Amino acid sequence: MFIAIARPAVEPEGPDAVAVPGSPAIPSASPRALHARLLQNAALRRMRGLERRRNNRPEDADYWLHAAPVAVRKACALREAAGFLPLP
């Protein structure tokens, strides 16, 4: 029997710091754009965790709710490394 492994129609080129399945790779994002994507990623993770909790899936909820602060910490580290102006 012949088995073919399907490859995706679009393959990412270069590193993508916020690797989200299905999102297109951005080869050269500005620090502000990357910061915004990291914060958006954190918000999506939190919403996913709350959704899982409402659906009575505590193990999935715990994973997503613990993953959200990781994205926020990455955004904070990027903000410090890129030398953004301090927030008021």
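Before any of the text, the structure's been laid out above.
As the structure is a computational prediction, the values presented were derived from the model and not from experiment.

What counts and how
- Residues numbered from 1 in each chain as written.
- Predicted model: local features only at pLDDT ≥ 70, side-chain atom pairs only at ≥ 80, totals over all residues.
- Heavy atoms only, no water.
- Helix = DSSP H or I, 4+ residues; strand = E, 2+ residues; numbered from the N terminus.
- Buried < 20%, exposed > 50% of the residue type's maximum accessible area, 1.4 Å probe, protein only.
- Contact = heavy atoms within 4.5 Å.
- Areas by Shrake-Rupley, 256 points an atom, 1.4 Å probe, with all protein chains shown as cover.
- Phe/Tyr/Trp six-rings, centres within 6.5 Å; stacked < 30°, edge-to-face > 60°.
- Lys NZ or Arg CZ within 6 Å of the ring centre and 35° of its normal.
- Salt bridge = Lys/Arg side-chain N within 4 Å of Asp/Glu carboxyl O.
- Expected span 1.5 Å × (residues − 1).

Peer 1: I'd like a rundown of the overall build of the protein chain, residues and numbers included.
Peer 2: Helix and strand counts for the protein chain come out as two helices and zero strands. Taken over 88 residues, the protein chain has a buried fraction of 22%. Summarising the internal contacts of the protein chain: among those between residues at least 6 apart in sequence, 37% fall at separations of at least 24. Counting every atom, the protein chain has about 7,100 Å² of accessible surface; 61% of that belongs to carbon and sulfur.

Peer 1: Break down the packing of aromatic side chains for me, citing the residues and quoting the values.
Peer 2: Summed over all chains, the structure comprises one aromatic pair. With a centroid separation of 5.0 Å and an interplanar angle of 80 degrees, the aromatic rings of Tyr-63 and Trp-64 are classed as edge-to-face. Above the plane of the ring of Trp-64 lies Arg-48, whose end atom (NZ or CZ) is 4.4 Å from the centre.

Peer 1: I'd like a rundown of the pattern of salt bridges, residues and numbers included.
Peer 2: Following the criterion strictly, the structure yields one salt bridge and no others. We note a salt bridge from Asp-60 to Arg-57, for which the minimum N-O separation is 2.3 Å.

Peer 1: How would you sum up helix α2 (residues 58-82)? Please name residues and give values.
Peer 2: Taking 1.5 Å of rise per residue, the 25 residues of α2 would be expected to cover 36 Å, and the 37 Å separating its terminal C-alpha atoms lies within 8% of that figure. Every buried residue belonging to α2 is among Ala-61, Leu-65, Ala-67, Ala-68, Ala-71, Ala-75, Leu-78 and Arg-79, and all of these are buried. Considering only its buried residues, α2 is in contact with α1 (31-54). Looking one or two places after α2, you find Gly-83, whose phi comes out positive at around 75 degrees.

Peer 1: So, the environment of Leu-50: which residues are in play, and what are the values?
Peer 2: Relative to the helices and strands, Leu-50 is located in helix α1. On the basis of relative accessible area, Leu-50 is assigned to the partly exposed category, the value being 30%. Through-space distance from the C-alpha of Leu-50 to that of Leu-65 is 7.5 Å; in sequence the pair is 15 residues apart.

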